[in-house]
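Summary of structural features
So the chains spell out like this:
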Amino acid sequence: MSKTTPAFFKDFNKPADTILNDDYSLKRTLKVKHVTPDGVTITTENELAGKDGKYDLKAKISGKYKHGATGFSVDKLQLKETGGIVGEFALAGVAPGLTFTFKGEEKPTGELGLEYTGARFAVKSEVDLVQLSKLKASAVLAHEGGKVGGDVEVALPDGKSDLGLNRWSVGSAYGTSTSFASIVAASGKTGMDYSIYGVVKTSPPLSVAGKLTYPSGGNYGVTLGGIYKCSATSTLKGKINMSGLLSTSIIHNVHPKVQVTATAEGSLKTMQDYRMGFGATLG
């Protein structure tokens, strides 16, 4: 009997999302991480943005720190390239499995959250503290490789409008060490949107994934992708959708603390409009 705490609903399809979405950035970035003797992690990220000979260098710096004795952590304190500040904080250990969170910016925006996890469930809720305009909640229940879950966003009454339902979604999934499958139904603009995910590990270094989407307006979509572990230090990824858009990336660990990623994307139908991305992480 499995007693592993499931992920929150936002990561409900993570086995497929990892293959189909991660490591395909077309940005050109350099990220440097440094951990101080006191355990503070400082990260600087520089991005070269622009085209046609006109480029800008964007930079941002962030820090994170966890105080083990109290359970308080600064998950992110970031100064953006625009001068804005983003903060994410958490207080764990208030009670077994209970964590309070806060996320805010200088705009101002702010969300107070509550996370509660147990042996087979994960519950999360967030409320907008500034506008008091919405409440978000999600829950996942897992047992013996299977799980069900859902999330909802509710519009709070503000004197001009009544309590209302903005959106909701539900999902069911089953996974083993070699496979994963899920189906998610979500409220759309004119009806229900459906998504089906699947992952199969055909051999130790190779995994393939697929995603079928059927929105309420029709025009279903299919995306197929895979990840291949070339060696202990190199990984190759690729995906293609029904429109003929092909994306590939290679991730190479030059050193235990140095990773580079190269990405290419282009249309197989037009054989043009190819774009490239490159990223390096030090530390």
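Quick note: structure is the one above.
We now turn to the structure provided with this report.

The rules we used
- Residues numbered from 1 in each chain as written.
- Predicted model: local features only at pLDDT ≥ 70, side-chain atom pairs only at ≥ 80, totals over all residues.
- Heavy atoms only, no water.
- Patch = residues over 30% accessible without salt bridge, like charges linked within 9 Å, V, L, I, M, F, W, Y side chains within 5 Å.
- Areas by Shrake-Rupley, 256 points an atom, 1.4 Å probe, with all protein chains shown as cover.
- Salt bridge = Lys/Arg side-chain N within 4 Å of Asp/Glu carboxyl O.
- Helix = DSSP H or I, 4+ residues; strand = E, 2+ residues; numbered from the N terminus.
- Core = buried A, V, L, I, M, F, W, Y, C linked by side-chain atoms within 4.5 Å.
- Buried < 20%, exposed > 50% of the residue type's maximum accessible area, 1.4 Å probe, protein only.
- Contact = heavy atoms within 4.5 Å.
- Pairing = 2+ DSSP bridges.

1. Quick notes on a nonpolar patch on the surface
- A cluster of nonpolar side chains, contributed by F72, L91, V94, F100, L114, Y116, F121, V123, L141 and V148, occupies part of the molecular surface with about 780 Å² of accessible area.
- Elements represented by at least two residues in the nonpolar patch include exactly β5 (85-95), β7 (109-117) and β8 (121-128).
- Tracing the chain through its elements places V94 in strand β5.

2. Re the nonpolar core
- Core analysis: the largest hydrophobic core is formed by 12 residues, namely F9, F12, A16, I19, L20, V140, A173, F180, V184, Y197, V199 and A209.
- At the level of secondary structure, the elements contributing two or more residues to this core comprise α1 (14-20), β12 (179-187) and β13 (192-203).
- The dominant element in this core, judged by the number of residues it contributes, is α1, at three residues.
- Those residues in contact with V199, other than ones at most four positions away along the chain, are P15, A16, I19, T178, S179, F180, V208 and A209.

3. Remarks on the pairing of strand β16 (residues 234-241)
- Bridge count for strand β15 (residues 221-229) against β16 is seven bridges, and the pairing is antiparallel. Paired with G226 across the two strands is G238, which belongs to β16.
- Connecting β15 to the antiparallel partner β16 that follows it, the hairpin turn spans four residues.
- Bridge count for β16 against strand β17 (residues 245-255) is seven bridges, and the pairing is antiparallel. Looking at β17, one finds that G238 is bridged to T248.
- Hairpin connection, β16 to β17: the antiparallel pair is bridged by three residues, and G244 has positive phi, about 85°.

Worth remembering: the numbers are spatial, not functional.
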